[in-house]
Amino acid sequence: MVGIVIVSHSPLIAAGVKQLASEMAGEQLRIAAAGGVDDHTIGTSVERILEALREADGPDGVLILVDLGSAVLSAQAAIELLNEQQQAHLILSNAPLVEGAIVAAVEASIGRPLMEVNRAAEQVATLNKLG
Amino acid sequence: MVTKEQIVRWLERLASVLAENKAYLTDLDSAIGDADHGTNMARGFAKVAEKLVSVADTDIGNILKATGMTLMSSVGGASGPLYGTFFMRGGAVTASREELSVEDLGEMLHAGMQGIQQRGRAIAEDKTMIDAWIPALAAYDTARIAGEDTAAALRRAVAGAEAGMKATIPLQARKGRASYLGERSIGHQDPGATSTYLMLKALLDTLESS
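Residues numbered from 1 in each chain as written. Chains lettered and ligands numbered in written order. Predicted model: local features only at pLDDT ≥ 70, side-chain atom pairs only at ≥ 80, totals over all residues. Heavy atoms only, no water.

### Considerations on the nonpolar core
For step 1, the next point in the chain: Counting 58 residues, the largest nonpolar core has Trp10, Phe45 and Trp133 of chain B as its most contacted members.
For step 2, the next point in the chain: Considering each element in turn, this core owes the most residues, nine residues, to helix H9 (residues 191-208) of chain B.
For step 3, the next point in the chain: With near-sequence residues (within four places) excluded, Trp10 of chain B lies in contact with Leu64, Phe87, Met108, Met199, Ala202, Leu203 and Thr206 of chain B.
For step 4, the next point in the chain: Core analysis: the next-biggest nonpolar cluster, separate from the first, contains 22 residues, Val5, Val46 and Ala78 of chain A together with Met88 of chain B among them. (Core = buried A, V, L, I, M, F, W, Y, C linked by side-chain atoms within 4.5 Å. Buried < 20%, exposed > 50% of the residue type's maximum accessible area, 1.4 Å probe, protein only. Helix = DSSP H or I, 4+ residues; strand = E, 2+ residues; numbered from the N terminus. Contact = heavy atoms within 4.5 Å.)

Here it is in structure tokens:
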């Protein structure tokens, strides 16, 4: 199963998105939160992202979802610190964080491969919620 | 020539300079950003100062890499991965060195700046720290090629960074949080260009005081 990492400036948002996605996709989901500089400080941390990548890692790869700004730069910096073999099964997604995480969680939980999980999550950006 | 001890003193000095300038940088950032640059940089370099205790006896490359990794994990805002990458790349080209010649320091600064450009994808006149780095390193290179010593070349670099920093005032931001403001970002000095100036000035002051 594809793993998922949630990167947000806020520890509460990262933990909350993880909670919501797990609720939608079931307990077996491999999902880790990397929010804040620490549990009380808004920002992003390369160290926290690396820890979350280790936690969510598995044979099917990991999708990284970010909020914006420094979350993107910190995620890219974290990826650069890994070796080529590790980098090859990671995707930094352009998907919106909350909706993207829910879709990615569901797709991952039914065993879809990494590329397809990302494609489904990124497509949410054009979803018309109001029908 | 810059010795390993001077590199350590530079980073320690930078921690105090950024603590002293915390309110100033945050004021600049509250005009066009999210008002956290001063707090973020002061927090990051306070962590660097703590980390230096355990790495000061290693080599310049290792000291710079440890500084970069610490900044990436403690600054919080975009300046964390940007300055973090600067020090990581600077450390990669100074591995196992105990001192840096005027050429070595130039190579270190260029590798660092290229890292910032690659990470942030900013170009000249986007109203970012790059607007201080570009004129600073151009001035450094000119002085180095003319045969000036490290302190003299750095003095030119600091003047270049200061001019570049002030030249961000009339620019409209095209990167980061400030770019959301559009034309309202005009008329304010960029906080990242300001911390870059402070960083180079702290290095010059370290060389001149020893």
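### Considering the interface of chain A and chain B
For step 1, the next point in the chain: Taken residue by residue, the interface counts 16 residues in chain A and 18 residues in chain B.
For step 2, the next point in the chain: Contact between chain A and chain B buries roughly 1200 Å² in total, counting both sides, with carbon and sulfur atoms accounting for 57%.
For step 3, the next point in the chain: Run the count over chain A and chain B and you get two salt bridges.
For step 4, the next point in the chain: A salt bridge links Glu80 of chain A to Arg119 of chain B, with the nearest nitrogen and oxygen atoms 2.9 Å apart.
For step 5, the next point in the chain: At the boundary of chain A with chain B, the tally comes to six residue pairs in polar contact (both at pLDDT 80 or more).
For step 6, the next point in the chain: Elements with a minimum of two residues in the side of chain A that touches chain B: helix H2 (46-56) and helix H3 (70-80) of chain A.
For step 7, the next point in the chain: Here the side of chain A that touches chain B takes six residues from H3 of chain A, the largest share from any one element. (Buried area = accessible area lost by both parts, 1.4 Å probe. Salt bridge = Lys/Arg side-chain N within 4 Å of Asp/Glu carboxyl O. Polar contact = N/O pair within 3.5 Å; in protein donor to acceptor, adjacent residues only side chain to side chain.)

### Quick notes on the packing of H2 of chain A against helix H4 (residues 60-74) of chain B
For step 1, the next point in the chain: Taken N-terminus to C-terminus, the directions of H2 of chain A and H4 of chain B make an angle of 80°; their axes are 6 Å apart at the nearest point. Overall, the two elements H2 of chain A and H4 of chain B adopt an arrangement that is roughly perpendicular. Facing Val46, Glu47 and Leu50 of chain A of H2 of chain A, the residues of H4 of chain B in contact are Met69, Met72 and Ser73 of chain B. (Axes fitted to C-alpha atoms, helices over the stretch in contact; angles between N-to-C directions. Parallel < 35°, antiparallel > 145°, perpendicular 65-115°, else oblique.)

Purely spatial values, then, with no claim about function.
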